[in-house]
Amino acid sequence: MFSITQLNLMKKHGIDPKGGALYLEEQISNLLMLKGYDGHGNPTETGLICESIIDILTNSPNRLKI
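About the criteria used
Residues numbered from 1 in each chain as written. Predicted model: local features only at pLDDT ≥ 70, side-chain atom pairs only at ≥ 80, totals over all residues. Heavy atoms only, no water. Core = buried A, V, L, I, M, F, W, Y, C linked by side-chain atoms within 4.5 Å. Buried < 20%, exposed > 50% of the residue type's maximum accessible area, 1.4 Å probe, protein only. Helix = DSSP H or I, 4+ residues; strand = E, 2+ residues; numbered from the N terminus. Contact = heavy atoms within 4.5 Å. Arc of directions from axis to C-beta.

> Got a minute to help me understand the nonpolar core in this structure?
One broad trend across soluble globular proteins is that nonpolar side chains are buried collectively. Formed by 13 residues in total, the largest nonpolar core has its most connected members in Met-10, Ile-28 and Ile-53. Listing elements by their share of this core, those giving two or more residues are α1 (4-12), α2 (21-35) and α3 (45-58). Counting residues per element, this core draws most heavily on α3, which supplies five residues. Not counting residues within four places of it along the chain, the set of residues in contact with Ile-28 comprises Met-10, Ile-15, Cys-50, Ile-53 and Ile-54.

Printed below as a string of structure tokens:
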């Protein structure tokens, strides 16, 4: 489901990729807010990877619909 790059980012930041969709969405969103953008509002490499993970999570057929 996740690429090596995405898994490496999660590992680097202590995020368990098997933690469940809600856990991952919360952790990755927090990381995106903290390290996802430079001082000019442009996405960093970390930000781009976080966005790609969120895309996977939000497009998952197993996503809980509220």
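> Explain α1 to me, please; I cannot follow it from the model alone.
Because each turn of an α-helix spans 3.6 residues, side chains separated by three or four positions in sequence point in the same direction. Every buried residue of α1 is accounted for by Gln-6, Leu-9 and Met-10. Angular distribution of buried residues about the axis of α1 spans 95 degrees; they occupy a single face of the element. Exposed positions of α1 whose direction lies more than 90 degrees from the buried face are Ile-4, Lys-11 and Lys-12. Among the structural elements, α2 and α3 are those in contact with the buried residues of α1. Where α1 terminates, the next one or two residues include Gly-14, which has phi positive at roughly 70 degrees.

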